[in-house]
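# Analysis of the macromolecular model
Here is what each chain is made of, one letter per residue.
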Amino acid sequence: MPPPSEPPILTTGAAFLAGLRAAWSSVFSYVLFGTYIGIGALAHDFGFGLAWAMVSTVLVWAGPAQVILISGLGAGAAHLEVAIAVSLSGVRLLPMVVALLPLIKTPATRTWQLVLPAHFTAISMWVESLRLAPKVARENRVAFCNGLGVGLMASAVTATAVGFGLAARLPTLLTAGLLFLTPVSFLVSTARNARMLVDRLALALGLAVGPAFAFGQVEFDVLWTGVVAGTAAYGAHRLREALR
Amino acid sequence: MTELAAYLALVLVGFLPNEVWRWLGVAFARGLEEDSEIVVWVRAVATATLAAVIAKLTIFAPGSLAEVPLAVRLGAVATGLLAFMLIRRSVLAGVIAGELALIAGALLFGA
């Protein structure tokens, strides 16, 4: 059997287009479309403008943070309080960016070139990048990820506008189904990506520890779950390596 | 809120508090190798954080999803995962099966 061939190096433009195409064929384009219909409707109901809602999707690009921002500002909560809640929901982006960037950069990549892929990093883009980028030549991965991010974001921005227009005409069962898209798609796609034991363990332990911490009313339960369950999974991985 | 104030709030209250973590991620990722032990650990932390978000969104559901009974939500998530494992590890199959289970459960047991 011949050794697996190296992926061909494309031009930057072609790699970007390959990323865009990957976005269209990603299940997340559709999942994000559904999710952001809900967010567009929410923005409408809280009295924000259509352009504002679309800009918020481009700038914030994180569903949970947008829900907090829109409902918080819309309800007239103190700005500082909303900013803190948004920031707490965004901490998860830090480990995601740290795990993704070493996969897509080359020794020649400048730091400023990573700011855009870091901005596109959200759960959907992260999951798809970890899966697809290894199949792309390393030199092309930043452009590929930018294409993927633009494609996914285009779907979300369009859906924000559609949801804004549909608001109030959406039946309850449909909005419940749209809100359910996020957990079910995240779970299934994370399960697909978890090929190494350490990733599978981290997923399983996180699913068990998360609710325990939440019910125990541990402060910052999501973050603590990440650190505790992630480190435990990593420890098990190291132990297994050592015993081999 | 005036138009300008709304956009100012978007940047100061929404964009910056969220984006700062991405910028910190860029700073921390400098000099890290893809297969280094610290990246494996950070990925495990990110995966476990994601799992906690999934669990939280299912158990403490937002908006109209909260009107669907908890047992239906948990059953629907399990159905989605099972369908994914049984049907060629297809994410789409898992998502569709989970959604169908949720809607069927909501219709049967009240939404």
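Shown above is the structure to which this text applies.
Residues numbered from 1 in each chain as written. Chains lettered and ligands numbered in written order. Predicted model: local features only at pLDDT ≥ 70, side-chain atom pairs only at ≥ 80, totals over all residues. Heavy atoms only, no water.

The helix and strand inventory of chain B stands at four helices and zero strands. The C-alpha extent of chain B, read off along each of the three principal axes, is 50 × 50 × 20 Å. The buried share of chain B, reckoned over its 111 residues, is 50%. Positive and negative charge centroids in chain B, built from 7 and 8 side chains respectively, lie 6 Å apart. (Helix = DSSP H or I, 4+ residues; strand = E, 2+ residues; numbered from the N terminus. Buried < 20%, exposed > 50% of the residue type's maximum accessible area, 1.4 Å probe, protein only. Lys, Arg positive; Asp, Glu negative; His and termini not counted. Charge placed at Lys NZ, Arg CZ, Asp CG, Glu CD.)

Facing the 73 residues of chain B at the interface are 88 residues of chain A. Summed over both partners, the interface of chain B with chain A comes to about 6800 Å²; 77% of that surface belongs to carbon and sulfur atoms. Inspection of the chain B/chain A interface yields 22 residue pairs in polar contact (both at pLDDT 80 or more). Mapped by element, the contributors of at least two residues to the side of chain B that touches chain A are α1 (3-29), α2 (37-59), α3 (70-86) and α4 (91-109) of chain B. The element that contributes the greatest number of residues to the side of chain B that touches chain A is α2 of chain B, accounting for 22 residues. Of the residues contributing to the side of chain B that touches chain A, the split by class is 48 nonpolar, 13 polar and twelve charged. (Contact = heavy atoms within 4.5 Å. Buried area = accessible area lost by both parts, 1.4 Å probe. Polar contact = N/O pair within 3.5 Å; in protein donor to acceptor, adjacent residues only side chain to side chain. Nonpolar A, V, L, I, M, F, W, Y, C, P; charged D, E, K, R; others polar.)

Here the focus is the nonpolar core. The nonpolar side chains of soluble globular proteins are, as a tendency, buried together. Core analysis: the biggest nonpolar cluster contains 94 residues, and W52, W61, L69, I104, W126 and L152 of chain A have the highest contact counts within it. Core analysis: the second largest hydrophobic core is formed by nine residues, A202, A233 and Y234 of chain A together with A48 of chain B among them. (Core = buried A, V, L, I, M, F, W, Y, C linked by side-chain atoms within 4.5 Å.)

What follows concerns the packing of aromatic side chains. Pairs of aromatic rings are described using the distance from one ring centre to the other and the angle between the two planes. All names here are of chain A. Considering all chains together, one arrives at five aromatic pairs over all chains under this definition. For the ring pair Y36 and W61, a centre distance of 6.3 Å and an interplane angle of 20° mean the geometry is stacked. Taken together, the residues Y36 in helix α2 (residues 27-45) and W61 in the loop between α3 (50-60) and α4 (63-74) connect sequence positions 25 residues apart. (Phe/Tyr/Trp six-rings, centres within 6.5 Å; stacked < 30°, edge-to-face > 60°.)

Reported here for the largest pocket is a volume of approximately 1200 Å³. Of all elements in the fold, only α2, α4, α5 (79-90), α8 (123-132), α10 (172-193) and α12 (221-243) of chain A together with α2 of chain B reach the threshold of two or more residues within the lining of the largest pocket. Looking at the lining of the largest pocket, the element that brings in the most residues is α2 of chain A, giving nine residues. When grouped by side-chain class, the residues that make up the lining of the largest pocket number 28 nonpolar, nine polar and four charged. Lining the lining of the largest pocket are residues from two domains, each supplying at least three of them: domain 1 (12-180) and domain 2 (194-244) of chain A. Considering only enclosed or pocket space, the second largest pocket measures out at about 500 Å³ in volume. (1 Å grid on protein atoms, 1.4 Å probe; cavity = no way out; pocket = protein on both sides within 12 Å on 5 of 7 lines; lining within 4 Å. Points joined across faces, edges and corners; volume = space filled by probe spheres on them. Domains from an automatic or database assignment.)

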